[in-house]
Amino acid sequence: MIDPRTVQIVFADLQDSIVALSSTNSPDVIRRSAGVLGTVAQALDIPFTVSVAPRPGGPGVIAELPEASPFVRGGPCCWDDQAWREAIATEGRKTLVVCGVTSEIVVLHTALDALADGYDVIVLVDASGGMSERTESAAFRQIEAAGGTVTSVASFVTSMVRDFTTPVGRGVITALHGLSG
């Protein structure tokens, strides 16, 4: 079981113009999965950050994410953004749950740097998207070889909430039904 009090979530590059580029998960699957994850984060009082790549016309964060001021970074890794890294450290939660597009760039580099800095890392495949099956699989293998966990939104959420008869549990299982398309 994972204690939600140890978790924080990283939504990385879940921007309209970038999500549309995913070749491994459809933009609809990514949007639904990220939206469910955001709903669960709010229900369980899990802090989250939204990190974005600079884009013409502004960040363009997908509507499914919970309201948040995005951290705009200059490179391929959230970890390189000092303000974002300080926000993560301030929470004092050592399990980072990472999702985003692309898996081979922002998800990979953020996960590897967080692992190197002593965080536990969980990457959610259904809330992420890659450039190709082959390159995304290679990125996930790299994350696992470094000590990270690669799983799904449903598996992650049900590792935190195991009783669906409580009000929170009912809310969580109802949110998970949103994963079906």
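What you are looking at is a predicted structure, and each value in this text was computed from that prediction instead of being measured.

Scoring rules and cut-offs
- Residues numbered from 1 in each chain as written.
- Predicted model: local features only at pLDDT ≥ 70, side-chain atom pairs only at ≥ 80, totals over all residues.
- Heavy atoms only, no water.
- Helix = DSSP H or I, 4+ residues; strand = E, 2+ residues; numbered from the N terminus.
- Rg over C-alpha atoms; globule rule 2.2 N^0.38 Å.
- Buried < 20%, exposed > 50% of the residue type's maximum accessible area, 1.4 Å probe, protein only.
- Areas by Shrake-Rupley, 256 points an atom, 1.4 Å probe, with all protein chains shown as cover.
- Lys, Arg positive; Asp, Glu negative; His and termini not counted.
- Charge placed at Lys NZ, Arg CZ, Asp CG, Glu CD.
- Axes fitted to C-alpha atoms, helices over the stretch in contact; angles between N-to-C directions.
- Parallel < 35°, antiparallel > 145°, perpendicular 65-115°, else oblique.
- Left-handed = near helix turned anticlockwise from the far one by under 90°.
- Contact = heavy atoms within 4.5 Å.

Caption draft 1: The overall build of the chain, seen in detail. Helix and strand counts for the chain come out as 7 helices and 6 strands. Counting from the amino terminus, helix and strand elements in the chain follow one another as β-α-α-β-β-α-β-α-β-α-β-α-α. For 181 residues, the compact-globule estimate of 2.2 N^0.38 gives 16 Å, and the C-alpha radius of gyration of the chain, at 15 Å, lies within 12% of that figure. Its C-alpha atoms give the chain principal-axis dimensions of about 45 × 35 × 30 Å. When burial is assessed residue by residue, the chain has 49% of its 181 residues classed as buried. Counting only carbon and sulfur atoms, one obtains 52% of the accessible surface of the chain, whose full area is about 8100 Å². Each charge class in the chain can be summarised by its mean position, and for the 12 positive and 20 negative side chains these summaries are 3 Å apart.

Caption draft 2: Layout of the packing of helix α2 (residues 27-43) against helix α6 (residues 153-160). It is at 10 Å that the axes of α2 and α6 come closest, and there the two elements cross at 15°. Compared by their axis directions, α2 and α6 come out roughly parallel. Between α2 and α6 lies a crossing of left-handed hand. The residues of α6 that touch α2, namely those facing Ser33, Val36, Leu37 and Val40, are Val153, Phe156, Val157 and Met160.

Caption draft 3: Layout of the environment of Asp45. Summarising the element assignment, Asp45 is placed in the loop between α2 and β2 (48-52). The exposed category is assigned to Asp45, whose relative accessible area is 61%.

Caption draft 4: Here's a closer look at unusual backbone geometry. Cis geometry marks the peptide bond from Val101 to Thr102, where omega comes out at 10°. Within the secondary structure layout, Thr102 lies in the loop between β4 (95-100) and α4 (103-116). Its identity is not glycine, yet Asp13 carries a phi of approximately 55°, on the positive side. Of note, Asp13 is situated in the loop between β1 (7-12) and α1 (16-19). Given a relative accessible area of 7%, Asp13 falls into the buried group.

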